[in-house]
Amino acid sequence: MALLGAEFRRDFEIRRYPVIVYALIPLISLVLQAWLPRVTGPYDWFDLPLVVTVYFALGRRSPIQGTVMGAAMGLFEDALSHRPIGINGIAKTVVGFLAASAGIRLEVDNQAIRLLLNFVLSLLSSAVYLFVTRFLLGMSLEWSWITELLRALGNSAIAVVLFPLLDRLQVKD
Amino acid sequence: MESFFTRYRNLVVLLAILVMQIAGLAMQVRRTSAGRGTLDSEDPGSVRLIRLWANAIISPPERLIHGTKLGVVGGWSDYIDLIHVRQQNQDLEKTIGRLRMEQAALLEDARQGQRLQALLGFQQNYIYSTLAAQAYGSGGSDRSRVFYIDKGSHDGLKPDMAVITGDGIVGKVRDVFGRSSQVLAVNDTTSGAGVILETTRIRGILKGDLSGQLEVVGIVSDQRIHPGENVLTAGGDLIFPRGLPVGVVEKVVPDPDRDGLVDVILKPAAHLDRLDEVLVITSTQPRFSPQEQQDINASETMKGSESSAVNDQMKASAIMAEKLPGLIDPNLPSDQQPLHDNSNPNPAGRPPQPLHPDEFSPSDATPIPAGTGPGDGSDAPKPKAKIPATQPAAKPTPLTPQRDQ
């Protein structure tokens with residue numbers, strides 16, 4: 001895994017997308033995240049908003065944009081659930097920030113790195129969710145790390161398929 | 001100072017957003033006396049507004065996708081169903097006619113039962129008004145087992161209304177928006193409902209576990225609980241009416257947290273993972289539709305004509321009784337009434353001796369010819385008596401007096 005020096009960071013391409021893509025892709029991911037569990041039943045081991053957050057954070061390489069996007073996606077997810085609004089928001093805020101920070105330092109076109117990043121950031125998101133719910137808010141929450149592991153694997157698999165498709169939407173100079 | 005914010009602006013923005021969200025969470029969650037965090041059943045106004053916005057943005061495309069899916073699936077199944085549809089339609093019309101008659105009778109019985117229960121002072125809830133709704137979305141995660149239905153406050157829905165299907169209970173309405181509502185499923189970990197085991201009459205609290213299984217928690221270990229036993233709503237939670245199917249006992253496992261208690265794992269009666277259409281119980285007060293009221297009136301009319309026919313029969317019986325000799329004669333004293341007459345009204349005694357006895361005469365001395373008795377094994381042909389069914393039976397000659405007083 002190539003960690004690069006500061007002088008090379010500016011050479012990385014900052015990806016740009018049509019404005020409609022910034023609006024539509026997150027919206028579609030939120031809609032599908034709300035609708036697909038009705039089709040998949042108990043096998044809803046995926047978190048599309050998280051995958052989209054990671055993708056745009058890695059591509060834009062801007063921690064602020066990654067943070068804002070993660071917060072927005074997480075808050076939307078919370079608003080659709082019956083849990084307090086902000087738990088997913090905090091988790092995805094952290095994920096967006098870290099993904100963008102990683103995007104500055106890593107060559108993110110590599111599929112293996114994308115897969116690994118999604119896996120790690122998914123687990124991190126779950127850990128932050130658990131921390132906020134149990135320790136920050138003191139609320140009871142049943143938890144299964146196996147489910148979270150399966151969710152992280154599912155997100156990684158989706159990212160491997162989805163990222164190349166989203167790459168086609170970027171604006172070429 | 002300016003350079004500090006410029007240099008660390010990423011971290012500053014991150015911290016600012018995190019602090020804002022933590023502050024928002026602090027306003028939503030409050031501490032109980034036990035030191036646990038809990039969420040109010042009703043959201044604060046600002047939180048409710050955010051949920052409303054999110055719902056307004058996500059719901060329309062979600063409904064569109066769900067409607068498209070239903071259209072495609074429905075179109076295909078409709079095409080398949082067209083085969084034999086005419087015959088099925090005729091059969092169904094006959095069934096509907098029969099069911100309407102049965103329904104009228106059942107409604108009448110229900111009303112009668114209600115009157116009796118009112119007399120007995122029971123506080124019983126009945127489901128009389130439901131609203132069909134289409135389920136189209138979910139909470140997006142197994143951490144929040146909620147789903148959305150396409151009926152809201154404009155349709156008369158309110159929080160805490162019970163949601164059921166024909167198979168059993170499903171959940172309760174949590175948040176109500178204008179044209180949609182959020183339903184908390186019974187298999188969510190934060191859900192709860194009072195239930196009772198049908199046979200053993202053991203009561204417990206129903207909730208869901210992380211995997212979405214239904215379980216009745218905190219039950220004292222009892223050998224009588226066996227797999228296959230039905231579980232019904234107990235009616236004590238003021239949400240679900242009593243007696244609705246919840247599920248069937250699948251297995252009994254020890255409570256991991258408390259010794260001596262068990263958790264009863266249930267197989268849900270309703271298909272909680274694949275819900276399309278649900279019913280929201282909007283009222284438990286007796287409320288009949290015009291059609292049902294018409295059927296009840298028809299039933300009452302039928303009942304009235306039946307009672308008049310019974311009255312006519314009773315009147316005819318009274319007239320007949322006047323013409324027949326009675327057992328009480330008003331002109332005689334009570335000790336001489338025919339009712340108290342113990343003498344034999346048919347003092348036949350022994351029959352008179354015939355002047356010219358033959359083989360048919362009732363005489364003990366007359367021998368019965370051999371081969372004419374039943375079961376004697378004779379193969380001789382016997383004359384068959386052919387008596388038409390409408391012909392009056394001949395009066396039998398009394399052989400011996402059978403009535404002994």
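Residues numbered from 1 in each chain as written. Chains lettered and ligands numbered in written order. Predicted model: local features only at pLDDT ≥ 70, side-chain atom pairs only at ≥ 80, totals over all residues.

Section: the overall build of chain A
Looking only at helices and strands, chain A has 7 helices and 0 strands in total. Starting at the N terminus and walking to the C terminus, you meet the elements of chain A as α-α-α-α-α-α-α. For chain A, with 173 residues in total, the buried portion stands at 47%. Partitioning the intrachain contacts of chain A with sequence separation of at least 6 by distance along the chain shows that 69% fall at a separation of at least 24. (Helix = DSSP H or I, 4+ residues; strand = E, 2+ residues; numbered from the N terminus. Buried ≥ 20, exposed ≤ 12 C-beta atoms within 10 Å, placed from the backbone. Contact = placed C-beta atoms within 7 Å.)

Regarding the overall build of chain B
Of regular secondary structure, chain B possesses 5 helices and 14 strands. Taken across its 405 residues, chain B has 23% of its residues classed as buried. When contacts within chain B are restricted to residue pairs at least 6 apart in sequence, long-range pairs at least 24 apart make up 56% of them.

Considerations on the environment of B:T199
Relative to the elements of secondary structure, B:T199 occurs in the loop between β8 (193–197) and β9 (203–208). For the pair B:T199 and B:V231, spaced 32 residues apart in sequence, the C-alpha to C-alpha distance is 8.6 Å.

A short note on the pairing of strand β11 (residues 230–233) of chain B
Residue and element names in this part refer to chain B. Across 3 bridges, β8 lies against β11 in antiparallel orientation. Counted as the bridge partner of L197 is V231 from β11. Here 3 bridges tie β11 to strand β12 (residues 245–254), and the two strands are oriented antiparallel to one another. By the bridge assignment, V231 is partnered in β12 with G247. (Pairing = 2+ DSSP bridges.)

As for the sheet that holds strand β4 (residues 146–149) of chain B
All names here are of chain B. With antiparallel pairing, the 6 strands of this closed barrel are ordered in space as β3-β4-β7-β6-β5-β14. Across this sheet, the average inter-strand angle for adjacent strands is 45°, counted without regard to direction. For strand β3 (residues 129–138) and strand β14 (residues 277–283), the ladder comprises 6 bridges, and the chain directions are antiparallel. Across the sheet, the residue bridging to A132 is L279, located in β14. (Axes fitted to C-alpha atoms, helices over the stretch in contact; angles between N-to-C directions.)

Considering helix α2 (residues 19–40) of chain A
Given a rise of 1.5 Å per residue, 22 residues ought to cover 32 Å, and the 31 Å separating the end C-alpha atoms of α2(A) matches this to within 8%. Residue A:A34 marks the point of greatest curvature in α2(A), where the axis turns by about 30°; the proline A:P37 follows within four residues. (Expected span 1.5 Å × (residues − 1). Bend = angle between axes of the 7 residues up to and from the residue.)

A closer look at the pairing of β14(B)
Of the strand pairs in this sheet, strand β5 (residues 162–164) of chain B and β14(B) are connected by 2 bridges, and their pairing is antiparallel. Residue pairing for β14(B): B:V163 is matched across the bridge by B:V280.

Looking at the interface of chain A and chain B
In this assembly, 36 residues from chain A lie in contact with 44 residues from chain B. Breaking the side of chain A that touches chain B down by element, the ones donating at least two residues are α2, α4 (63–80) and α5 (87–105) of chain A. Broken down by element, the residue count for the side of chain A that touches chain B peaks at 8 residues, all from α4(A).

Focus on the packing of α4(A) against α5(A)
All names here are of chain A. Interhelical geometry of α4 versus α5 gives an angle of 155° and a closest axis separation of 7 Å. Overall, the two elements α4 and α5 adopt an arrangement that is roughly antiparallel. Relative to α5, the crossing made by α4 is right-handed. Tallied by class, residues from the contact of α4 with α5 come to 12 nonpolar, 10 polar and 3 charged. (Parallel < 35°, antiparallel > 145°, perpendicular 65-115°, else oblique. Left-handed = near helix turned anticlockwise from the far one by under 90°. Nonpolar A, V, L, I, M, F, W, Y, C, P; charged D, E, K, R; others polar.)

A closer look at the confidence of the model for chain B
Residue and element names in this part refer to chain B. With 70% of its residues at a pLDDT of 70 or more, chain B has an overall mean of 76. Confidence drops under pLDDT 50 across residues 370–405; counting only partners more than four residues distant or on other chains, this segment forms 13 contacts. Prediction confidence for the complex, expressed as pTM and ipTM, is 0.64 and 0.88 respectively. (pLDDT = per-residue confidence, 0-100.)

A look at α4(A)
Its 18 residues give α4(A) an end-to-end C-alpha distance of 26 Å, which sits within 8% of 26 Å, the value for a rise of 1.5 Å per residue. Counting buried positions along α4(A) gives 14 out of 18 residues, so the element sits mostly inside the fold.

Overview of the sheet that holds β9(B)
Each strand in a sheet pairs with its neighbour through backbone hydrogen bonds, running either in the same direction (parallel) or in the opposite one (antiparallel). One closed barrel accounts for 6 strands, arranged β8-β9-β10-β13-β12-β11 (chain B); its pairing is antiparallel. Here the strands of the sheet are splayed against their neighbours by 40° on average, with no regard to which way each runs.

Regarding the nonpolar core
Formed by 49 residues in total, the largest nonpolar core has its most connected members in A:V54, A:A91, A:V95 and A:A99. Elements with a contribution of two residues or more to this core: α2, α3 (48–60), α4, α5, α6 (111–136) and α7 (145–167) of chain A together with α2 (9–28) and α3 (45–81) of chain B. Here the element with the most residues in this core is α5(A); it accounts for 10 residues. Not counting the four nearest positions on each side in its chain, A:V95 is found in contact with A:L50, A:T53, A:V54, A:G70, A:L121, A:L124 and A:S125. B:Y136, B:I149, B:I169 and B:A234 belong to the second largest nonpolar core, which has 44 residues in total. (Core = buried A, V, L, I, M, F, W, Y, C linked by C-beta atoms within 7 Å.)

Describing the confidence of the model for chain A
Mean pLDDT over chain A works out to 87, with 92% of the residues at or above the 70 mark. Counting interchain partners and residues more than four positions distant, the pLDDT-below-50 stretch residues 1–10 of chain A has 7 contacts.

Here we look at the packing of α5(A) against α2(B)
Relative to each other, α5(A) and α2(B) sit at 170°, their axes nearing to 10 Å. Viewed along their axes, α5(A) and α2(B) adopt a mutual orientation that is roughly antiparallel. Touching A:G89, A:I90, A:T93 and A:F97 of α5(A) are B:L14, B:I17, B:L18 and B:Q21, all from α2(B).

Here's the deal with the environment of B:S191
Residues and elements named next belong to chain B. Considering the arrangement of structural elements, one finds S191 in the loop between β7 (181–185) and β8. Among the residues examined, S191 registers 20 C-beta atoms within 10 Å and is labelled buried. Through-space distance from the C-alpha of S191 to that of D209 is 9.7 Å; in sequence the pair is 18 residues apart. Ignoring sequence-local partners within four residues, the contact set of S191 consists of G171, L184, A185, V186, K207 and G208.

Here's the deal with unusual backbone geometry
Residues and elements named next belong to chain B. Phi angles above zero are rare outside glycine, and D160 is one such case at about 75°. Counting through the fold element by element, D160 comes out in the loop between β4 and β5. Under the C-beta neighbour-count criterion, D160 is labelled partly exposed, with 14 such atoms within 10 Å. Even without being glycine, R201 reaches a positive phi, approximately 60°. Along the polypeptide, R201 turns up in the loop between β8 and β9.

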